[in-house]
Amino acid sequence: IATALGALLKDWGALTDYAHNLASAMSIDNAPDLIIADYHLNDADNGVDVCQALVQKLGKKVPMILSSADRSEFIQEKAIENNMRYLPKPIKSAALKRLIQSRLKV
């Protein structure tokens, strides 16, 4: 799914980087313009915690989108509590594009 999403974003002109868990996210040195994270990541990590750790490391506020096939209230509330927008899976490209534009205010 990450590869397909990355291909779509590249088609829209974005430069992309991937992190599949906390350890790989911590290797990112440049603050991105936007983070799109899945809730369930490798190594029992979750997208909320990984995003917060990365933002803290980089020292820059970054707009974030949290996506998950799990539509539970718990995950949606975690997104809200952490200033993330929630986008349920399956991701619809038009909805993603609108959300990206609103988060980046373009």
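All residue numbers refer to position in the chain's written sequence, counted from 1. Only residues with pLDDT of at least 70 are given local features in this predicted model, and only at 80 or more are side-chain atom pairs given and counted; all residues enter the totals for whole chains, interfaces and linings. The side-chain numbers reported here are obtained from all heavy atoms of the structure, hydrogens and water having been left aside.

1. A look at the overall build of the protein chain
Keep this limit in mind: Where helices and strands are cited, they refer to DSSP runs of H or I of at least four residues and of E of at least two residues respectively, numbered from the N terminus. Each radius of gyration reported is based on C-alpha atoms, and the globular scaling rule is 2.2 Å times the count of residues to the power 0.38. Throughout this description, buried means an accessible area under 20% of the type-specific maximum (1.4 Å probe, protein chains only), exposed means over 50%, and partly exposed covers the range between. In this description, accessible areas are obtained by the Shrake-Rupley approach with a 1.4 Å probe, and a residue is regarded as covered only by the protein chains that are shown. Charged residues are defined narrowly, with Lys and Arg counted positive, Asp and Glu counted negative, and His plus the chain ends left uncounted. To locate a charge, take NZ of a lysine, CZ of an arginine, CG of an aspartate or CD of a glutamate.
Along the backbone of the protein chain there are 5 helices and 3 strands. Counting from the amino terminus, the protein chain carries its helices and strands in the arrangement α-α-β-α-β-α-β-α. For the protein chain, the C-alpha radius of gyration of 13 Å lies close to 13 Å, the compact-globule estimate for 106 residues. With the principal axes as the frame, the protein chain shows a C-alpha extent of 30 × 30 × 25 Å. Of all 106 residues assigned to the protein chain, the portion counted as buried reaches 33%. For the protein chain, the exposed area adds up to about 6,600 Å²; of that, 52% sits on carbon and sulfur atoms. For the protein chain, the centre of its 13 positive side-chain charges and the centre of its 12 negative side-chain charges are spaced 9 Å apart.

2. Notes on the pairing of strand β3 (residues 84-88)
We apply this condition: Note on pairing: DSSP must find at least two bridges between two strands before they are called paired. Orient the strands so they point away from the viewer, and a crossover whose first-strand-to-second-strand path over the helix runs clockwise is right-handed.
Two elements, strand β2 (residues 64-68) and β3, share 5 bridges in a ladder whose sense is parallel. If you follow L66 over to β3, its bridge partner there is Y86. Of the crossover connections in this fold, the one passing from β2 over helix α4 (residues 73-81) to the parallel β3 is right-handed.

3. What to know about the pattern of salt bridges
Basically, it comes down to this: A pairing counts as a salt bridge when a side-chain nitrogen of Lys or Arg comes within 4 Å of a carboxyl oxygen of Asp or Glu.
For the coordinates displayed, the defined rule picks out 2 salt bridges. Among the ionic pairs, K57 bridges to D29, the shortest N-O distance being 3.2 Å. In this pair, K57 sits in helix α3 (residues 47-58) while D29 sits in the loop between α2 (22-25) and β1 (35-38), placing the two residues 28 residues apart along the sequence. D38 serves as the salt-bridge partner of K89, at 2.5 Å between the closest nitrogen and oxygen. Here K89 is found in the loop between β3 and α5 (93-104), whereas its partner D38 is found in strand β1, with 51 residues between them in sequence. Among the residues examined, K89 registers a relative accessible area of 15% and is labelled buried.

4. Quick look at the environment of S27
Relative to the assigned elements, S27 resides in the loop between α2 and β1. Sequence-wise, S27 and L54 are 27 residues apart; in three dimensions their C-alpha atoms are separated by 9.2 Å.

5. Comments concerning the nonpolar core
A general tendency of soluble globular proteins is for nonpolar side chains to be buried together. The line we're drawing: Put simply, a nonpolar core is a bunch of buried Ala, Val, Leu, Ile, Met, Phe, Trp, Tyr and Cys residues held in one set by side-chain atoms that sit within 4.5 Å of each other. The contact definition used throughout considers only heavy atoms, calling two residues in contact when any of these lie within 4.5 Å.
Of all hydrophobic cores here, the largest spans 16 residues; its most connected members are I35, C51, M64, L66 and M84. Those elements that place two or more of their residues in this core are β1, α3, β2, α4 and β3. Of all the elements, α3 adds the most residues to this core, at 5 residues. Ignoring any residue separated from it by four or fewer positions in sequence, one finds L66 in contact with A37, D38, Y39, G47, V48, I75, A79, M84, R85, Y86 and L87.

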